[in-house]
Amino acid sequence: MTTSTSRRFLWWRTVDGTCHAFTADQAGGTDDGLCETACDHVVAEQDLVRAAGPKLCGHCLIVVGAGMPDEARWRG
Ligand SMILES: [Zn+2]
């Protein structure tokens, strides 16, 4: 996927405990129930925990380029 550092990302946890970056436009849900990570993986919404955790995906970090997630943008 095409990315740019000006884009907003949210960090969500998948079932395996790793947090991936998702574009903020997926926060409200997607039509097909699938969310795309910044590292080009597709995860079903039902397998996502909409909260960050300590283990961040290294590939997503590189794509997002921001280093660490911005707590102010997390929901809940
Ligand atoms: Zn990732």
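Anything mentioned here points back to the structure above.
Residues numbered from 1 in each chain as written. Predicted model: local features only at pLDDT ≥ 70, side-chain atom pairs only at ≥ 80, totals over all residues.

Trainee: Would you explain the nonpolar core in this entry?
Mentor: Nonpolar side chains tend toward joint burial in soluble globular proteins. Counting residues in each nonpolar core, the largest one holds 12 residues, listed as Phe9, Leu10, Trp11, Trp12, Cys19, Ala21, Phe22, Cys35, Ala38, Cys60, Val63 and Val64. Counting residues per element, the ones that place at least two in this core are strand E1 (9-14), strand E2 (19-23) and helix H1 (58-64). A per-element tally of this core places E1 first, with four residues. Excluding residues that lie within four positions of it along the chain, Cys60 makes contacts with His20, Ala21, Thr37, Ala38 and Cys39. (Core = buried A, V, L, I, M, F, W, Y, C linked by C-beta atoms within 7 Å. Buried ≥ 20, exposed ≤ 12 C-beta atoms within 10 Å, placed from the backbone. Helix = DSSP H or I, 4+ residues; strand = E, 2+ residues; numbered from the N terminus. Contact = placed C-beta atoms within 7 Å.)

Trainee: Help me understand unusual backbone geometry, please; the structure alone is not making it clear to me.
Mentor: The residue Asp40 is not glycine, and still its phi comes out positive at about 75°. With respect to the helices and strands, the residue Asp40 is situated in the loop between strand E3 (34-36) and strand E4 (42-44). Residue Asp40 is classed as exposed on the basis of its 12 C-beta neighbours within 10 Å.

Trainee: Just checking my understanding: could you explain the environment of Gly53 for this structure?
Mentor: For Gly53, the location among the structural elements is in the loop between strand E5 (48-49) and H1. Of the residues examined, Gly53 has 13 C-beta atoms within 10 Å and is grouped as partly exposed. For Gly53 and Thr18, which are 35 residues apart along the polypeptide, the C-alpha to C-alpha distance reads 7.5 Å. Not counting residues up to four positions away in its chain, the partners in contact with Gly53 are Arg13, Gly17 and Cys19.

From the geometry alone we can't say anything about function, so treat these as descriptive.
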